[in-house]
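Read off the chains here:
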Amino acid sequence: SSREMPPPRGASAPPCSRSGPRIALLAVFVCYCVLLLRNSGTQEVTRLVPASSPEALRARASHALAGMAPHDLARPSALGGVPAASVSTVAGAASVSVSVSAGGQSQSSNGTSVATLGKAHAFCTGPFLANTAQPIKTEDWMLADEPPLAPGDVTSVHVPGLTKSFLEKWAKNKAIICSAADQRYMTWARNWAKSLQAHGVTNLFIGAMDAEALKLSHAEGIPSVLLGRMIKGTTWHSANRYKIRLVQAVVELGYDVLFTDADVTFVRDPMPFLLKYPEAGILISTDLLVREKPYPMINGLENTYEVVGKFRADLNVGLMFVRSTPHTVRMMNHWAEVANADMSKSMQTFFVKLVREYATCLAPDPKLPHLAPCYNGTVNVGLLPMDVWCGGYIYFVERLPQRLNIEAISTHATYQVHQGLDGKRERLRHAHLWYLDEADYFSPPGGVLSMAPFQLPVWMHDEVFLKRYQDGGDLRDDHKNRTLMHFELVHYQLSQLRSALVVAAILGRTLVMPDFHVLLDNTWYPMNGAWPGFRKLGPFIAPLDHVLHMTQLNNNNVEFRSSSFLEHPCIKDEFAAAQRLSVAFEVGASAPSTESLRAASRVVMPMGATQAQLVGALKNHPARVIHLESTLNIVKGYDNDSDQQKFAARINRTPMLWCCVSKNVANDLFHERFPPGHIYYDFWYDQAHTDRFNRKYSDKWDLRVGP
C-alpha cells in the first residue's frame, strides 16, 4: 500500500556486522509466528461476498428491467450474493482481521480506524458490499513531479509516477484496468472502481489528475498515481490529453490496458471477454445505435472493417483495450502527437482520423475476419459489440441487452440529453448500478409513498392507431399531429404525478416515481421524433430524465426515488416484509382517522381529498410504505392558498424540455420563429396559469416553442 523512500543516489551503504542478518531473520520469524497465532483465533468476521454463479451473473445483467416498462420482459430475480462464513483481508503474507465499529468505521486488529467506501451497505447482499480495503498512505514522494525510483525500477516517460513496480503489484496476467479523474470527478471514479470490485476485479487503478484526486483514491484503498499537475482552468480537450498519456505510459511499460472514462460502470468482469481475442491490438467501443443489416457481427465482434470503413460509425475512446506491442506503442505515440498539436478538437477526433485518414485500414485477413488491420496494417482493431459493451442510449433508453436477454458487460453513460451528471447518476440508480448511496438514501425519513402506474389516455390502448403511429411519417401527420399527441400523453401523466407529489409533501414522505410513456424521443437537435435511422416512433418507456429535470428536483427539495427503488437488492426483502398501507380514492367515501386504521392494510379515502383529511388519516400512520392505488384527480391540494402557491413554485421548474421541432414544423404548426425548436412540459397545462417564463395561459394550454 506504500513503499519506503529509497536511499539517495550515490549514498554509501552503512557498515554491518555478521550478527545483523541473523538478528533480522530471527525478528521476521518471531513476527510471522505472532501473526499466525493472532489469525488462528476469533478475530475474523463474517462479511458479504458477491456470488459468482452463472445464475447470479445473469440476474445481475438483467437487473435493470426492475420497475421498467410493462412492455418489457418479466422482472428479474434479486441479485445474487452469499455470506462468506469467515473472510479475512489478506495483504501479502500477513492477514488483518476487520470488524465494523458502532460508529461505522472499520477497525483493524491493531485498533487503527480505517475509512471505508460504501460503508453504509454493510447490510446488503451481492455486489453492494462494505469496502474493507485498507487505505493507502499518500507519501510525499508520490506527489513529487519526478518521484524517486527504487533500485532497478523503471518509470514511464509520459507519467513519471507510473512505474513498472507499480504495475507488477496491481496488474493481473500483465493486464490492468484504469480510468482518470480530477477531484471534481472522483465521485464517478469511485463508482467505477466499486463496480469492478463488486465482481472481484482487483487489477485496477485511477490516474489522478490532481493531488486531491490522488489522496481521495488512497483514502478509500484504490491504487492511484499522479498523472501530473493540471493547470487551473484547463479546457476539457486539453485535460483529456492526460488520458492519452495514461494509455501511452502503460503500454510503454509492457502491460495491456483497458482504459475507460470514469462514467463507465461494469455489470460484470470485463477481462474474460477481452482475453478471447489475443490477435487484437486494440478493441474499442462505438457510439452505434443500430446494427445495420448489411454488417452482421463476426466472431462476437461488430463487423469492424465494414462498419469503420463504409458505415463510418463513431468510435468511442472512452472505453478501449490496448495490448502492448511495438506497433500499438507507436500508434499511441502518434495519437498523442497529433492530438497535442491541436487542442481545439477532442482526442477522439484524432483517434478516428488516425484510423481512417492518416493510416487507413486494410482488408481483413480471411483467418481473422472480425478484425481490421489498421495503422498501415500493423494493428488489428476490433469493435466491441454494442449490446454487450453498451453506450448510454443502448442500455438506458433502448434497453437492448435486457430485451434480448444478453449479459451486458458495461454501460457508458453517454447520450445524456440536457442534464449532465445528475441525469447520469439517476439512470445508474434506476439500473441499480450506483454504489455510493449512504444508508439514509435507502431509509427516507417519514417513509415512502409509492403509486400505481400512470393511467394512460384511451387512445393509447387503440392498437390500430398505435400501428399507424409507429409506421413513421412527419410530425405534421394529417391523421393526428404527433407533437400534440406526445404532449397530451406526457401531460396526462404529469397531472397524476402532480397529485402524488402534493400527497407526498403533505405527508412528509418520499415519492417513488413511476415510469413515463412517451411517443417522441429526446435529443439535442431537430428530428422527426426518433434518432435518425434508429427507432420507429413510440410509444416507449423513457428514462425519468426525459420528462423531469433531476437537478431542478434536487434544487427544489423534491424528495423522490426512481421506479426501481423498492426492488434494490439492499432493501427489497426489508421493504417486502415492512408494513404497507394501500389507499384507494372513491367518490362519496368518508375520511377515516389514523387510530381506526393503524392495523389496516387498505383504506378508502374520498375522491378530491383535502389536506386536512389526508393529514387526519395518513400523516402519522406507522406504515413504512403507503401506496396510492390511483392518482388521477384524487386530491385538491393544500387547504391554504399560500401553501399551495409555495408548492407550485417548488415543482414549477422541474419538468424537462422536449427537443426539437425543425424550422418548417415550427413555422407551419406553431407560427414561431426558429430557433429555438424545443418545447417545455408544464405541470399546470390543464388550468389557467402563468408558466415559468411568465407566459400566461387561459383555460387551454397550447404548444409554444422556446424560449
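Parameters at a glance
Residues numbered from 1 in each chain as written. Predicted model: local features only at pLDDT ≥ 70, side-chain atom pairs only at ≥ 80, totals over all residues. Heavy atoms only, no water. Helix = DSSP H or I, 4+ residues; strand = E, 2+ residues; numbered from the N terminus. Buried < 20%, exposed > 50% of the residue type's maximum accessible area, 1.4 Å probe, protein only. Contact = heavy atoms within 4.5 Å. Areas by Shrake-Rupley, 256 points an atom, 1.4 Å probe, with all protein chains shown as cover. Pairing = 2+ DSSP bridges. Axes fitted to C-alpha atoms, helices over the stretch in contact; angles between N-to-C directions. Polar contact = N/O pair within 3.5 Å; in protein donor to acceptor, adjacent residues only side chain to side chain. Phe/Tyr/Trp six-rings, centres within 6.5 Å; stacked < 30°, edge-to-face > 60°. Disulfide = S-S within 2.5 Å.

Colleague: Outline the overall build of the chain, listing residues and values.
Modeller: Counting its secondary structure elements, the chain contains 21 helices and 30 strands. In the chain, which comprises 707 residues, the share counted as buried stands at 54%. Relative to all contacts within the chain whose residues are 6 or more apart in sequence, the contacts with residues 24 or more apart total 70%. Accessible area for the chain stands at about 31000 Å²; split by element, carbon and sulfur atoms hold 54% of it.

Colleague: Report on the sheet that holds strand 19 (residues 448-451), specifying residues and quantitative values.
Modeller: Across the sheet, which stays open at both edges, the six strands sit in the order 23-20-19-26-24-25 with parallel pairing between neighbours. Taken across any chain shown, the strands that pair with only one partner, and hence form the sheet edges, are strand 23 (560-561) and strand 25 (602-606). Pairing of strand 19 with strand 20 (residues 510-512) involves two bridges; the strand directions are parallel. The partner of V448 across the bridge, within strand 20, is T510. Those strands touched by helix 19 (residues 611-618) are strand 24 (580-586), strand 25 and strand 26 (625-628), and its axis lies near 165° from that of strand 25.

Colleague: Tell me about the environment of T138, residues and numbers included.
Modeller: Note on placement: T138 falls in the loop between strand 7 (113-114) and helix 3 (164-170). The spacing of T138 and L214 is 76 residues in sequence and 7.8 Å in space, taken between C-alpha atoms. One polar contact links T138 to H218, side chain to side chain, over a distance of 2.8 Å.

Colleague: Which residues make up unusual backbone geometry, and what values go with them?
Modeller: Only a minority of non-glycine residues have a phi that is not negative, and only a minority of peptide bonds are not trans. Of note, the amide linkage connecting C659 to C660 takes the cis form, showing an omega dihedral of -5°. The omega angle of the peptide bond from G706 to P707 is 0°, so this bond is cis rather than trans. Relative to the helices and strands, P707 is located in the segment after strand 30 (696-697). In the Ramachandran plot, H418 falls in the positive-phi region, its phi being about 75° despite a non-glycine side chain.

Colleague: Kindly report on the packing of aromatic side chains, identifying the contributing residues and their values.
Modeller: The geometry of an aromatic ring pair is captured by the separation of the ring centres together with the interplanar angle, meaning the angle of the planes. All chains considered together, the criterion is met by 19 aromatic pairs. Note on F166 and F205: the rings are 5.3 Å apart at their centroids and 85° apart in plane angle, and the pair reads as edge-to-face. In this pair, F166 is assigned in helix 3 and F205 in strand 9 (residues 204-208), connecting sequence segments 39 residues apart. Ring geometry for Y638 against F647: centres 6.0 Å apart, planes inclined by 50°, an arrangement best described as tilted. With a relative accessible area of 17%, Y638 lands in the buried category.

Colleague: Give a description of the state of the cysteines that names residues and reports values.
Modeller: All chains considered together, the criterion is met by two disulfides. At a sulfur-sulfur separation of 1.9 Å, the disulfide partner of C361 is C374. The disulfide joining C361 to C374 has a torsion of about 90° about its S-S bond and is therefore right-handed. Placement of C361 in the loop between helix 10 (347-358) and strand 15 (372-374) and of C374 in strand 15 is noted, with a sequence separation of 13 residues between them.

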